[in-house]
Amino acid sequence: MEAISKFPYAHQPVRSISLPTRIHPSSQRVEALLNHLKSHQTQSLSSSICLEAETIQSDLLVLAELYNCMEELFHSPQTQQALVHYQDGKLVEEALCGSVTLLDACGSARDLLMVLKEHVQSLQSAIRRRKGDYSSIESSISAYDSFRKKAKKEISKQLGMLKRMENKVNSNISLHINQDQQLIMFLARVVREASTITISILCSLLLFMSMPALKTKGTSLISKLKPTRLFNSQNNTNGIADLSTALCKGEVQGALRLLETLNVSIDGLEGGLDCIFRCLVKNRVSFLNMLTH
């Protein structure tokens, strides 16, 4: 996580400094990370640009730092007491319930990325050994298309679950708290905003993996390799050229470089998801411990 501290937002002023600083030393950093992620997600939602793999990976790493800072915050006896006593542990129970949905979505995304990587590598191998015979490429495309249909259903399922969780979190966002209960007000906001941001980032990743069909054009096998959201998009400025154009022009080496870039992107996303998955598990354990101690 050392690289994260070098991000520009680390030195930006944040709001609500006085109260959080008195709660716990890490609370100011929690506030800063929340502000950065909320701002970034707002910009993404207001734009038609399809997020790049590198951007999503960066968000996942910042989110992981947020959860690590929240862990430090939750280790404080004062914090644990406030969370457990608020409405007989209602906030903790909400967080535990939501963590199941987040862990499921995170795990599903990891599984999809792993299989997608296998298909990318299969296509790479088929192109390298084609030697005028495109049957292996056609077979790889067919396998990819079969995976795409299954992935589409799983992605739709996970997006639906995340949306329902988001609606539930938003419906509970209004708290009836007295002025002398500012500690729980701050903690409740942190827990619920972290959940909302996590949902948003996971949705961005799942949408990024929404793969359109590789449609044919004429009888050319190569023309089946149409650009997908993972390769190229009119609104995506990730610098990756149109894969089908590269192949149709005989730029085989160029196509292989594009596939290699995608392979690296998938590795980065898998790493980011692994970080978040571990953070979500630790977060869940912390809340479980609050209820059992």
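Reading the values: the criteria
- Residues numbered from 1 in each chain as written.
- Predicted model: local features only at pLDDT ≥ 70, side-chain atom pairs only at ≥ 80, totals over all residues.
- Heavy atoms only, no water.
- Core = buried A, V, L, I, M, F, W, Y, C linked by side-chain atoms within 4.5 Å.
- Buried < 20%, exposed > 50% of the residue type's maximum accessible area, 1.4 Å probe, protein only.
- Helix = DSSP H or I, 4+ residues; strand = E, 2+ residues; numbered from the N terminus.
- Contact = heavy atoms within 4.5 Å.
- Phe/Tyr/Trp six-rings, centres within 6.5 Å; stacked < 30°, edge-to-face > 60°.
- Lys NZ or Arg CZ within 6 Å of the ring centre and 35° of its normal.
- Axes fitted to C-alpha atoms, helices over the stretch in contact; angles between N-to-C directions.
- Parallel < 35°, antiparallel > 145°, perpendicular 65-115°, else oblique.
- Left-handed = near helix turned anticlockwise from the far one by under 90°.
- Nonpolar A, V, L, I, M, F, W, Y, C, P; charged D, E, K, R; others polar.
- Salt bridge = Lys/Arg side-chain N within 4 Å of Asp/Glu carboxyl O.
- Disulfide = S-S within 2.5 Å.

*Asks:* Can you tell me about the nonpolar core, naming the residues and giving the values?
*Replies:* By size, the foremost hydrophobic cluster in this structure holds 73 residues, and its most contacted members are Leu66, Leu83, Met209 and Phe287. Put simply, the parts of the chain that give this core at least two residues each are helix 2 (27–45), helix 3 (53–74), helix 4 (77–85), helix 5 (90–128), helix 6 (135–171), helix 7 (182–208) and helix 9 (252–292). In this structure Leu83 touches Phe74, Gly89, Leu91, Val92, Ile184, Leu187, Phe287 and Met290, once residues within four positions along its chain are discounted.

*Asks:* Just give me the short version of the packing of aromatic side chains, but keep the residues and values in it.
*Replies:* Overall, the coordinates contain one aromatic pair when judged by the stated rule. Ring geometry for Phe74 and Phe287: centres 5.2 Å apart, planes at 50 degrees, overall tilted. Of this pair, Phe74 sits in helix 3 while Phe287 sits in helix 9, placing them 213 residues apart in sequence. The same class applies to Phe74 and to Phe287, which are both buried. Stacked on the ring of Phe277, the Lys or Arg Arg110 has its end atom at 4.2 Å from the ring centre.

*Asks:* Describe the side chain of Thr101, with residues and values.
*Replies:* Turning to its location among the elements, Thr101 is positioned in helix 5. Those residues in contact with Thr101 that lie beyond four places of it in its chain are Met161, Leu162 and Met165.

*Asks:* Go over the packing of helix 3 against helix 7 with me, naming the residues and quoting the values.
*Replies:* Put simply, helix 3 and helix 7 touch, their axes get as near as 11 Å, and they point 155 degrees apart. Regarding the angle of helix 3 to helix 7, the classification is roughly antiparallel. Between helix 3 and helix 7 lies a crossing whose hand is left-handed. Judged by residue contacts, Ala53, Ile56, Asp59, Leu60, Leu63, Leu66, Tyr67, Met70, Leu73 and Phe74 of helix 3 engage Phe186, Leu187, Val190, Val191, Ala194, Ile197, Thr198, Ile201, Ser204, Leu205 and Phe208 from helix 7. Taken together, the residues of the contact of helix 3 with helix 7 break down into 18 nonpolar, two polar and one charged.

*Asks:* Which residues make up the pattern of salt bridges, and what values go with them?
*Replies:* In total, this model carries eight salt bridges according to the counting rule given. Here Glu65 makes a salt bridge to Arg29, at a shortest N to O gap of 3.0 Å. Of this pair, Glu65 sits in helix 3 while Arg29 is found in helix 2, placing the two residues 36 residues apart along the sequence. Here Glu193 and Lys38 are joined by a salt bridge, their closest N and O atoms 3.1 Å apart. One end of the pair, Glu193, is in helix 7; the other, Lys38, is in helix 2, with 155 residues separating them in the sequence. Residue Glu193 is classed as buried on the basis of its relative accessible area, which comes to 15%. Residue classification places Lys38 among the partly exposed residues on the basis of a relative accessible area of 24%. What you see here is one network of salt bridges that share partners, running through Glu31, Lys38, Arg189 and Glu193.

*Asks:* Explain the state of the cysteines residue by residue, including any values.
*Replies:* Applying the stated criterion across every chain, the model contains zero disulfides. In this model Cys69 remains outside any disulfide bridge; the closest cysteine sulfur is found in Cys279, 10.0 Å from its own.

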